[in-house]
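Descriptive analysis of the structure
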Amino acid sequence: MEKVIIIRYAELHLKGKNRGWFERVFVVNMEKSLKGIKHEIRRHSGRYLIENFQEKDTETILERLKKVFGIHSYSVALKVSSDMDAIFKASDEVCSKSGTFKVETHRADKTFPLNSMQISAEIGGRLLDKNKEISVDVHSPQFVINIDLRENNTALVFNEFFKGAGGMPVGTSGKGLLLISGGIDSPVAGHMIAKRGMSIECIHFHSYPYTNMQAKEKVIELAKQLSAYSCGTKLNIVSVTHIQEEIHKKCNGDYMVTLLRRFMMRIAEKIALNCGAQCLITGESLAQVASQTVEGMTSSNSVIEKLPVLRPLCGFDKDEIIERSRAIGTYETSIEPYEDCCTVFLPRHPVTRPKLADVEAEEAKLNVNMLVDEALNSLEIVTL
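Computed from a predicted structure; not experimentally measured.

Another point: the pattern of salt bridges. Counted under the stated rule, the structure contains 28 salt bridges. Across the pair Lys216 and Glu380 runs a salt bridge, and its minimum N-O distance is 2.8 Å. Remark: Glu380 occurs in strand E15 (residues 380-383) and Lys216 occurs in helix H6 (residues 213-227); sequence separation between them is 164 residues. Owing to a relative accessible area of 14%, Lys216 belongs among the buried residues under this scheme. Glu246 is the partner of Lys250 in a salt bridge, and the nearest nitrogen-oxygen pair spans 2.9 Å. Residue Lys250 and its partner Glu246 are both found in helix H7 (residues 241-250); the two are separated by four residues, about one turn of the helix.

This part is about the packing of aromatic side chains. Tallying each qualifying case throughout the model produces eight aromatic pairs. Consider the rings of Tyr9 and Phe26, whose centres lie 6.3 Å apart with planes at 85 degrees: the pair is edge-to-face. Of this pair, Tyr9 sits in strand E1 (residues 2-9) while Phe26 sits in helix H1 (residues 19-33), and the two are 17 residues apart along the sequence. You can call Phe26 buried: its relative accessible area is 0%. Within the aromatic cluster, the residues linked to one another by ring pairs are Tyr9, Phe26 and Tyr48.

In this section: a nonpolar patch on the surface. Together, Leu128, Val136 and Val138 line one region of the surface with nonpolar side chains, adding up to about 230 Å² of accessible area. For Leu128, a relative accessible area of 31% puts it in the partly exposed group.

Let's shift gears to the sheet that holds strand E12 (residues 234-239). The strand order E14-E13-E10-E11-E12-E15 describes an open sheet built from six strands, whose pairing is mixed. Strands at the two margins of the open sheet, each flanked by one partner only, are strand E14 (309-310) and E15. Relative to E15, E12 runs antiparallel, the two being bridged by four bridges. Within E15, the residue paired with Asn236 across the bridge is Ile381.

We now examine the nonpolar core. Of all hydrophobic cores here, the largest spans 33 residues; its most connected members are Ile203, Phe205, Ile243, Ile267 and Leu280. Elements supplying a minimum of two residues to this core: strand E10 (175-179), strand E11 (199-206), H7, helix H8 (256-275) and helix H13 (368-377). Considering every element that reaches this core, the biggest residue donor is H8, with ten residues. Each residue touching Leu280, except ones within four places of it in the same chain, is listed here: Leu177, Leu179, Met265, Ala268, Glu269, Ala272, Ile304, Leu307, Pro308, Val309 and Leu310. Core analysis: the second largest hydrophobic core is formed by 30 residues, Phe69, Ala189, Met192 and Ile328 among them.

What counts and how
Residues numbered from 1 in each chain as written. Predicted model: local features only at pLDDT ≥ 70, side-chain atom pairs only at ≥ 80, totals over all residues. Heavy atoms only, no water. Salt bridge = Lys/Arg side-chain N within 4 Å of Asp/Glu carboxyl O. Helix = DSSP H or I, 4+ residues; strand = E, 2+ residues; numbered from the N terminus. Buried < 20%, exposed > 50% of the residue type's maximum accessible area, 1.4 Å probe, protein only. Phe/Tyr/Trp six-rings, centres within 6.5 Å; stacked < 30°, edge-to-face > 60°. Patch = residues over 30% accessible without salt bridge, like charges linked within 9 Å, V, L, I, M, F, W, Y side chains within 5 Å. Areas by Shrake-Rupley, 256 points an atom, 1.4 Å probe, with all protein chains shown as cover. Pairing = 2+ DSSP bridges. Core = buried A, V, L, I, M, F, W, Y, C linked by side-chain atoms within 4.5 Å. Contact = heavy atoms within 4.5 Å.

Right, dumping it as structure tokens:
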């Protein structure tokens, strides 16, 4: 009798002739997640088993698997030979010693002499004979004993299904560059896009010395938390202090946020093209703040020359975003009281519906190319 973890994948069964490639990426991601833990991953007819791990590592493995996209569900099981005595012994091991139960059997091995209902009935009867404090309830049992009879003369016996992260394996949908601030929204946006199989690299803009070094460390921590879902990431850190100072000196202050966003998009696109990213990703939510109106987004998009901009949170309200932030574990870091660059030189009355012609007229007061090049020269890369 061996303890194993059953991995059932999510959408991969829909991939037809390309399924093999998707599965290979999926296995690589699981291996990355379990790095440093002794184990083996083996494929068993439409699912994977994690085997040969130490009992003490079980909870750590389960905790890491929660963050692997592509997993539909997983279970801790006992693997035994497919004879009724061995199956009963494993069933008794996972069976609660009180309460109501039922036995459910899935019989992939159609050569087995008993059918699924017969297996369930016999194992259930043996359990009742041995455990006097339990009773059968096939409609609303307090616990279920699941028997999965495989084609390779083995049976898997377990009692719980744990919900996986779902989605697609990271690395199967290209690569994107996430504009990550120190706030709640952008890590959630990165998580949502990674769930659809996209590899994530990050870029953060800072305004040191107007913002302190704790603000930068906060963003590094957020990127690190996100990297647990995205199989690692890189964080590109760029200073925009000089850009904000120039806008403050030469332009109408009400356009500060709009103009700064345009510079961020230009810089991000250049870095994205350099690192092989195929799109930009932002945490913008329509109408949440002054710069996130349709007109504000149009202004930002107009400077992008080659790449699409994905805004996965566009239709979410703040409560929905906070709920997701809590679920993925970034919320507590996001609310730490360190300002990001967008709060520097913040105008009292920012333009909420900027006309593109007016924005371009203000921007004409600046040497855009020189400011962008200076920002790129400040680039610092942190590998997580």
